[in-house]
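The primary structure of each chain is shown beneath.
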Amino acid sequence: MTDNEKSAAPMAGKRVALVLGATGGIGGAVAAKLLGNGYTVRAMHRKATDQAISRPDYEWLSGDAMNRDDVMRAAAGAELIVHAVNPPGYRNWGTLVLPMIDNTIAAAKSVGAKILMPGTIYNYAPQAFAGITEDSPQNPATVKGRIRVALEQRLEAAASSGTQVIIVRAGDFFGPGAGNNWFAQAVIKPGGPLKAITNPADPGVGHQWAYLPDVAETMVRLVARADELQPFARFHMEGFWDADGRQMGEAICRVTGRAGLPIKRFAWWMLYLARPFVPVCGELIEMRYLWRTALHMRNDKLVAFLGAEPRTPIDEAVRLTLQSLGCLAEQTGPGGARSVVLAGDERVSA
């Protein structure tokens, strides 16, 4: 038996969750929340030894989500598999997304584990954007949307044969330590004091945001009550609804204490110019419709089941996110009073 196989053996009396994508934004947030709720968190990575240095509280196994044998081995003894893997930068969705979910389904069936997965909004066409519910028809307008619909259809088929599936759909992610999202890559520039805020939306178009710790809390609460759910359960979160597309920018201004911080339009035209030479630009342009038409998911079903949706106040969520991205530095003053320092010399009491 190899060292990896030994580490995959479940610990007596401990609930084991395999998190695929534990180094990503949502996967990392869910893994941390599961650990705090008493789970043994097992994570798989091609460079597991390196990851174990930064997160020694997880069980790290070497492997690839595209390799079914790796996933099956990692799932040994797990009661939950979190499927939070996606090809980075929208690359190779057509060849990677569905094989990876097939491997997760096969592993879950083999050990009797539940599957927990973050859904996407790509499943819906703009015509359905007003008041989307879990039962709204999924008629995607993009290639990536059609792939995600096929993915959920495979999960629904797995649920009909005995594998419990929980899907939580939310808006655009942002949160501490998460860099692969619109907030960190377009709205603000990490690594220093902010000079401007960028709004990718068309003027007046609302947008739905999701604070990662709130999404993770929601997912873990649903898992805790999985025995009350249908075999295939989908829930939508409302998150932070920015009704006119400017409220996120205004929250950033409040948190930084800079009311005059300019909010400028995203330079979509640059992506069109670069598209022939930079493939990811074409992938981003395909998703522009999400910034041209307001999509507002309802959370009635979630609230009816949990009683309330976990919500961190937007200013606190933005503060913690900016601080983690190096845009703010927090200092503690006399009597434990906190102040937020804008990587310069402006200071706002907190």
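Rules of the game
- Residues numbered from 1 in each chain as written.
- Predicted model: local features only at pLDDT ≥ 70, side-chain atom pairs only at ≥ 80, totals over all residues.
- Heavy atoms only, no water.
- Patch = residues over 30% accessible without salt bridge, like charges linked within 9 Å, V, L, I, M, F, W, Y side chains within 5 Å.
- Areas by Shrake-Rupley, 256 points an atom, 1.4 Å probe, with all protein chains shown as cover.
- Salt bridge = Lys/Arg side-chain N within 4 Å of Asp/Glu carboxyl O.
- Helix = DSSP H or I, 4+ residues; strand = E, 2+ residues; numbered from the N terminus.
- Buried < 20%, exposed > 50% of the residue type's maximum accessible area, 1.4 Å probe, protein only.
- Axes fitted to C-alpha atoms, helices over the stretch in contact; angles between N-to-C directions.
- Parallel < 35°, antiparallel > 145°, perpendicular 65-115°, else oblique.
- Left-handed = near helix turned anticlockwise from the far one by under 90°.
- Contact = heavy atoms within 4.5 Å.
- Nonpolar A, V, L, I, M, F, W, Y, C, P; charged D, E, K, R; others polar.
- Core = buried A, V, L, I, M, F, W, Y, C linked by side-chain atoms within 4.5 Å.
- Pairing = 2+ DSSP bridges.
- Polar contact = N/O pair within 3.5 Å; in protein donor to acceptor, adjacent residues only side chain to side chain.
- Phe/Tyr/Trp six-rings, centres within 6.5 Å; stacked < 30°, edge-to-face > 60°.

## So, a nonpolar patch on the surface
- A contiguous nonpolar patch, built from Trp269, Met270 and Leu273 and spanning about 380 Å² of accessible area, is present on the exposed surface.
- Following the sequence through the fold, Leu273 ends up in helix α10 (residues 268–274).
- Overall, Leu273 belongs to the exposed group, its relative accessible area being 56%.

## Here we look at the packing of helix α9 (residues 247–256) against helix α14 (residues 314–324)
- At a closest axis distance of 9 Å, the pairing of α9 and α14 adopts a crossing angle of 70°. One way to sum up the angle between α9 and α14 is to call them roughly perpendicular. In the packing of α9 onto α14, the handedness of the crossing is right-handed. On the side of α9, the interface is formed by Met248, Ala251, Ile252, Arg254, Val255 and Thr256, while α14 contributes Ile314, Asp315, Val318, Arg319 and Leu322.
- Partitioned by chemical class, the residues of the contact of α9 with α14 number seven nonpolar, one polar and three charged.

## Here's the deal with the nonpolar core
- If you look at the biggest cluster of nonpolar residues, it comprises 75 residues, and the most contacted ones within it are Leu155, Phe183, Ile252 and Leu322.
- No other element matches the eight residues that helix α5 (residues 93–111) contributes to this core.
- Every residue in contact with Leu155, bar those within four places of it in the chain, is listed here: Ile101, Ile105, Ile115, Met117, Val165, Ile167 and Phe232.
- With 38 residues, the next largest nonpolar core counts Val19, Ala31, Ala48 and Phe305 among its residues.

## What to know about the sheet that holds strand β12 (residues 240–242)
- The strand order β8-β10-β12 describes an open sheet built from three strands, whose pairing is mixed. Looking at which strands have only one partner, the edges of the open sheet turn out to be β8 (172–174) and β12. Taken pair by pair, the neighbouring strands of this sheet meet at an average axis angle of 30°, ignoring direction.
- Its contacts with the sheet place α14 against β8, β10 (207–211) and β12, and it is angled at close to 65° to β8.

## What to know about the side chain of His207
- Its place among the elements puts His207 in strand β10.
- Judged by relative accessible area, His207 falls into the buried class, the value being 5%.
- A polar side-chain atom of His207 sits 2.6 Å from a polar atom in the side chain of Asp172.
- For His207, the residues in contact, after removing those within four places along its chain, are Asp172, Phe240, Trp241, Asp242, Leu290 and Trp291.

## Digging into the packing of aromatic side chains
- Throughout the structure, instances matching the rule amount to 13 aromatic pairs.
- Taken together, a centroid distance of 6.2 Å and an interplanar angle of 90° make the contact between Phe174 and Trp209 edge-to-face. Taken together, the residues Phe174 in strand β8 and Trp209 in strand β10 connect sequence positions 35 residues apart. Each member of the pair, Phe174 as well as Trp209, is classed as buried.
- Between Trp182 and Trp268 the ring centres are 5.7 Å apart and the planes differ by 40°, which places this aromatic pair in the tilted class. Of this pair, Trp182 sits in helix α7 (residues 182–187) while Trp268 sits in helix α10, placing them 86 residues apart in sequence. Here Trp182 matches Trp268 in class, with each residue buried.

## A word on the packing of helix α2 (residues 25–36) against helix α8 (residues 212–224)
- Where α2 meets α8, the closest approach of the two axes is 8 Å, and the angle between their N-to-C directions is 55°. As judged from the angle between their axes, α2 and α8 are oblique. Where α2 crosses over α8, the handedness of that crossing is right-handed. Here Gly25, Ile26, Ala29, Val30, Lys33 and Leu34 of α2 come into contact with α8, specifically with Leu212, Pro213, Val215, Ala216, Glu217, Met219 and Val220.
- Looking at the contact of α2 with α8 residue by residue, the classes come out as 10 nonpolar, one polar and two charged.

## Re the pairing of β10
- With five of its five residues buried, β10 lies for the most part within the structure.
- Covered by surrounding structure in β10 are His207, Trp209 and Tyr211 together with Gln208 and Ala210, the residues of both alternating faces.
- In this sheet, β10 lies alongside β8 in parallel orientation, the contact comprising three bridges. Bridge assignment links Asp172 to a residue of β10, and that residue is Trp209.
- Where β10 and β12 come together, three bridges link them in antiparallel fashion. Each bridged residue has a counterpart across the sheet, and for Gln208 the counterpart in β12 is Trp241.

By themselves, these observations are geometric and do not establish any function.
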